[in-house]
Amino acid sequence: MSFATLLPRPVSVTPAPGSCPWPSTVDVRDAALPAEGYRLEISSDGIVLFRGDAAGEFYGRQTLRQLAGPDAFRAASLGGEASIPCGVVEDHPRFGWRGCLLDVARHFRTKAEVLRFVDLLAAHKLNVLNLHLTDDQGWRFEVPAFPRLTSVGGWRPSSMAGSGGAQDGRPHGGFYTGDDLREIVAYAAARSITVVPEIDIPGHARAALAAYPSLGTSPAYEVWTEWGISTSLLDPSESTLDFFRRVFDHLLDLFPSKVIALGGDETPGATDEHREFVRLLAEHLVARGRTPMGWDEVLDIPGLPPMVIGSWQNESAGVRAASAGHDVVMCPEQHVYLDHRQAEHPDEPIPVGWVHTLEDVYAYEPALTGPRMRGVQAQVWSEHLDDVRRVDYMAFPRLSAFAEVAWSSGDRDYAEFLPRLRDHHLPRLDALGVDYRPLDGPRPWQTRPGVPGRPR
Ligand code: ACM
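For clarity, every value in this text was computed on a predicted model and none was experimentally measured.

Draft legend 1. The side chain of R420, seen in detail. Checked against the element boundaries, R420 lands in helix α12 (residues 414-432). Look at R420 and you get buried, because its relative accessible area is 5%. A polar side-chain atom of R420 sits 2.7 Å from a polar atom in the side chain of E416. What R420 contacts, discounting residues up to four positions off in sequence, is A4, T5, L6, L7, R9, Y362, E404 and H425.

And the structure:
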């Protein structure tokens, strides 16, 4: 095991002769280091971990785990002797926002699956889980004042199988209680991860409309059983506004995150009243001491308070947002949408979107620098990810490449990255039990013969 295998790549490494037996006691000391930074001094006498803050200590310990070899990623020790190389590692991240969106609305992920995903983010030194909790196809968090959001909005009788229009006829559903979400938040915080929740308004809200049709303009709605962009929008009335103020207030009780996401994307037919509705909810979050986050469509809304903009349609939206005084998280679908297919390979399961190969993701370099640039975020939308193995397959190892984009400074060379990933990191994913996509294409059971996609 050598330092060269580390992923994400540290700022600097100075190897020294010898090795240190593992597991070892770690002498943790405070030091003046950049945010989330750490310095490891490893000698045959022991390990000193200098930490700038609690996150720095966490990341130093992750690096030690990597140096100990793949078995350190198993859930229990296999026994036997291990050692780690001697030397000094200095490290801190390039971006303060190293995010991944997980869509638990289109396909629900059990609490245990979300906790496991948090572990996988932490192992990659990612620090934001943007949890997409509500959409046309499901409402996933319990709001005691409005029980129908989950009793009606939390399930659908059937789902579209791939992109061909056929239905699978299989009920799908699930939701988190307030305590489930508190548990997820605390579990993530212990791993230096902030959970940024998202309630999507005024579009992507058919599950809420099905639960409470008076939030809309039609007498009745159904939780959507199709994929795509629904034209059903919330009615931007005073009573709908009051309803969502109460829903967001409950969300704020559960999520301490400074940033709270309200969606705002894909609203065909939206009027000035819809735009004002989004602005008023953004102001509501500001009045509660939070910073609203919206997708880049909200940039068309006049008079917005300063927000965090998720620049997804293209990167020029993020550049525009920064010049309008907003902070920016770059998450462009041209580069970091991990629901998009990974290759032209004919066996790719339910191939949708553009081809984003592992190499493409590794090559992503955000177009924005400067003080408004908070960082980057990969997106795992789940229309076609109906179980956790499908999430593993689409997310990994591309999210491992993305982690290095998010953390490591300096030039990146895919030819240098690939052997590190193949020889050292994929064995860690194996030890973690991740059902990732092998570099040469899907295993037979990872294919989905007969389920059509929609390649772009
Ligand atoms: C999005 O992909 N609609 C943010």
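Here the narrative resumes.
Draft legend 2. Highlighting helix α8 (residues 315-323). By the burial criterion, the buried members of α8 are E315, A317, G318, A321 and A322. Each buried residue of α8 lies within a common arc of 150° when the element is viewed along its axis, so the set occupies one face. Buried positions along α8 lie against β15 (308-311) and β16 (327-330). Two residues or fewer after α8 comes G325, characterised by a positive phi angle close to 95°.

Draft legend 3. Quick look at the sheet that holds strand β1 (residues 12-22). Judged by pairing direction, the sheet is mixed, and its five strands sit side by side in the order β1-β5-β3-β4-β2 without closing on themselves. Here the strands that pair on one side only, and so sit at the sheet edges, are β1 and β2 (26-30). Strand-to-strand twist across the sheet, computed as the mean angle between neighbouring axes with direction ignored, equals 25°. Relative to strand β4 (residues 46-51), β2 runs parallel, the two being bridged by five bridges. Its bridge partner being in β4, V28 is matched across the sheet by L49. Seen against the sheet, helix α1 (residues 54-67) touches β1, β2, β3 (38-43), β4 and β5 (82-91) and runs at an angle of roughly 40° to β3.

Definitions and cut-offs
- Residues numbered from 1 in each chain as written.
- Predicted model: local features only at pLDDT ≥ 70, side-chain atom pairs only at ≥ 80, totals over all residues.
- Heavy atoms only, no water.
- Helix = DSSP H or I, 4+ residues; strand = E, 2+ residues; numbered from the N terminus.
- Buried < 20%, exposed > 50% of the residue type's maximum accessible area, 1.4 Å probe, protein only.
- Polar contact = N/O pair within 3.5 Å; in protein donor to acceptor, adjacent residues only side chain to side chain.
- Contact = heavy atoms within 4.5 Å.
- Arc of directions from axis to C-beta.
- Pairing = 2+ DSSP bridges.
- Axes fitted to C-alpha atoms, helices over the stretch in contact; angles between N-to-C directions.

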